[in-house]
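Observations on the model geometry
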Amino acid sequence: MADAVPHDSAGHGGPETPGSPGGPDAPDSPGPPEDPGSPDSPDRPVRRPATPAGRLVPLVVPAIVVGIGSSLLLLALSRVADRVGRLLWSSIPGGLGVDGFGPWWIILVLTATGAAVGLTAWKAPGHAGPDPATTGLVDPPQPPYVIPGLAVATVLALAGGVSLGPENPITMINVALAYWLGRRFRPTTGPDPWAALAVAGTVGALFGSPVAAALVLSELPGPGALWDRLFAPLVAAVSGSLTAELIAGNEFLVKVPGYPGARPLDLLWALLTGALGALLGLAAIQAFPAVHRAFRQIGHPVAMLTAGGLVLGVLGALGGELTLFKGLAQTNELAADYTGHGFWGLLGLAAVKLIALLVASGSGFRGGRIFPAVFVGVAFGFAISTLVPSVPPALAVVCAILGLLMATTRQGWLSLFTAAAIVPDLALLPILCVAALPAWLLVTGRPELQLAPEPAAPAGAAG
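Residues numbered from 1 in each chain as written. Predicted model: local features only at pLDDT ≥ 70, side-chain atom pairs only at ≥ 80, totals over all residues. Heavy atoms only, no water.

**Some words on the environment of Pro-301**
Locating Pro-301 in the fold gives a position in helix H10 (residues 301–319). Separated by 182 residues in the primary sequence, Pro-301 and Leu-119 have C-alpha atoms spaced 7.3 Å apart. Once you skip the residues sitting within four places of it in the chain, Pro-301 turns out to touch Gly-118 and Trp-122. (Helix = DSSP H or I, 4+ residues; strand = E, 2+ residues; numbered from the N terminus. Contact = heavy atoms within 4.5 Å.)

As structure tokens, then:
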């Protein structure tokens, strides 16, 4: 047997010698035939590391259960919030003979809502979850005792007209439940899949499509092949979105005047509008720490949230009914009559809603930031189209949403999907992809609309 080929210090093989395999004098006749299936065969099929199908199939039933359960919990929380909201904004003021959306009633209800949420955050076990300014759409599982207080605080905020959506708290609730129940009743499955299943089922129900869940999860790091990681969550997402569609329909659509078709100038307007939306989002991000710090200086959660509710009430009195609540229904109302507001009116609606979003998150209200940001993007897009009538409204709206969400969520796929889902016109999709590029260049590497959690107090410190 020939000696091993020496290696240099860099680890490369030494010069080939005559008569050695592969050398210049190697014989023309091949050696013994190689087995195509052997690891050294040049003809072996490529096989990437993957999860065996036998480990994926048993996850189908748990994924369906978690997807349906996540959707039902979202619908139940929304239904309770709607009932309480009708009581606060219709039944009670109607019985008192006052305007349910008059300025003084808006201020009164939002201030009282702040006091109620503050009381919940103060007294509920787990204080209704972590500081919402430090949470995003997908966070580590919370202990189960946090769930009741978080659910109550979320219902109160949604019903009371706070400018936040249900996405962050309901995802946190579903993840906590799935993680706890999954480890309890199916310990052999392991703890890792349960949170992903709950996120997928909830996002699928929230956005009316399993594609949204796949895009969100594809941006999260994880071991193994992407589609192996997405298999069970996609099952949960399909189950969640179908459940929500069958029970409540899909409200994640806005009736915008149809797009007349692509023109060369539209690419320029798309680039500009997407960039302006991103800059608007970055401006809000710069102001967010100061808003949060100002409310934190108040100290006590009841006083802090009552003050936040009072500020939101004043903003609501200025902006009117359209600037209240999570924003999806109000977005459709705005789209139906945006021409009646004019450029400055639309810009004012966008500004009031964006400031309300910062105040709500900064003062401690539990809720998500995606849905109200969509309203801001729609109002801002209509303002641009009103100022420059040659810009089609559909184009301005989707590009403004895209840029704003890229800045505030820093999730490119979710931002692109949300903009495309709000105005589902395939002719806009290539233009959206172009508009995403400068918007991403503006936001990448910059701070997000989410603050770092405060360091835990040392052991023995006063709570």
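**Re the packing of aromatic side chains**
Tallied over the entire structure, the rule returns six aromatic pairs. Judged by centre distance (5.6 Å) and plane angle (70°), the ring pair of Trp-89 and Phe-325 falls under edge-to-face. Pair noted here: Trp-89 is in helix H2 (residues 60–96) and Phe-325 is in the loop between H10 and helix H11 (328–336), with a separation of 236 residues, a long-range link. The two residues Trp-89 and Phe-325 agree in class, both being buried. Arranged with centres 4.9 Å apart and planes meeting at 70°, the rings of Phe-343 and Trp-344 form a pair that is edge-to-face. In this structure an aromatic cluster arises from ring pairing among Trp-89, Phe-101 and Phe-325. (Phe/Tyr/Trp six-rings, centres within 6.5 Å; stacked < 30°, edge-to-face > 60°. Buried < 20%, exposed > 50% of the residue type's maximum accessible area, 1.4 Å probe, protein only.)

**Side note on the packing of helix H14 (residues 393–409) against helix H16 (residues 429–443)**
Running from N to C, H14 and H16 cross one another at 35°; their axes reach a closest spacing of 9 Å. Of the two elements, H14 crosses H16, and the hand of that crossing is right-handed. On H16, the residues that touch Leu-395, Val-398, Cys-399, Leu-402, Gly-403, Met-406 and Ala-407 of H14 are Ile-431, Leu-432, Ala-435, Ala-436, Ala-439, Trp-440 and Val-443. Counted by class, the contact of H14 with H16 contains 13 nonpolar, one polar and no charged residues. (Axes fitted to C-alpha atoms, helices over the stretch in contact; angles between N-to-C directions. Left-handed = near helix turned anticlockwise from the far one by under 90°. Nonpolar A, V, L, I, M, F, W, Y, C, P; charged D, E, K, R; others polar.)

**Brief notes about the side chain of Thr-113**
Mapped onto the fold, Thr-113 is located in helix H3 (residues 103–123). A residue is classified by how much of its surface remains accessible, and Thr-113, at 6% relative accessible area, is buried. Excluding anything up to four places from it in sequence, Thr-113 contacts Leu-156, Ala-157, Gly-160, Val-162 and Phe-365.

**Looking at the confidence of the model for the chain**
Residues with a pLDDT of 70 or more make up 82% of the chain, whose mean pLDDT is 81. Residue range residues 1–29 is modelled with pLDDT below 50. Its contacts to residues more than four positions away, or to other chains, number 14 contacts. Throughout residues 457–463 the model reports pLDDT below 50, and contacts reaching past four residues in sequence, or to other chains, amount to zero contacts. (pLDDT = per-residue confidence, 0-100.)

**Focus on the packing of helix H9 (residues 264–296) against H14**
Close contact between H9 and H14 brings their axes to 7 Å; oriented N to C, the two are set at 35°. Helix-helix and strand crossings are classified by hand; for H9 and H14 the assignment is right-handed. Here Asp-266, Trp-269, Ala-270, Thr-273, Gly-274, Gly-277, Ala-278, Leu-280, Gly-281, Leu-282 and Ile-285 of H9 lie close against H14, whose contacting residues are Leu-395, Ala-396, Cys-399, Ala-400, Gly-403, Leu-404, Ala-407 and Thr-408. When grouped by side-chain class, the residues that make up the contact of H9 with H14 number twelve nonpolar, six polar and one charged.

**Here we look at the environment of Ala-63**
Checked against the element boundaries, Ala-63 lands in helix H2. Overall, Ala-63 belongs to the buried group, its relative accessible area being 0%. Remark: the alpha-carbon pair of Ala-63 and Pro-233, spanning 170 residues in sequence, is separated by 6.6 Å. Residues within four places of Ala-63 in sequence aside, it is in contact with Leu-197, Ala-232, Val-235, Ala-236 and Ser-239.

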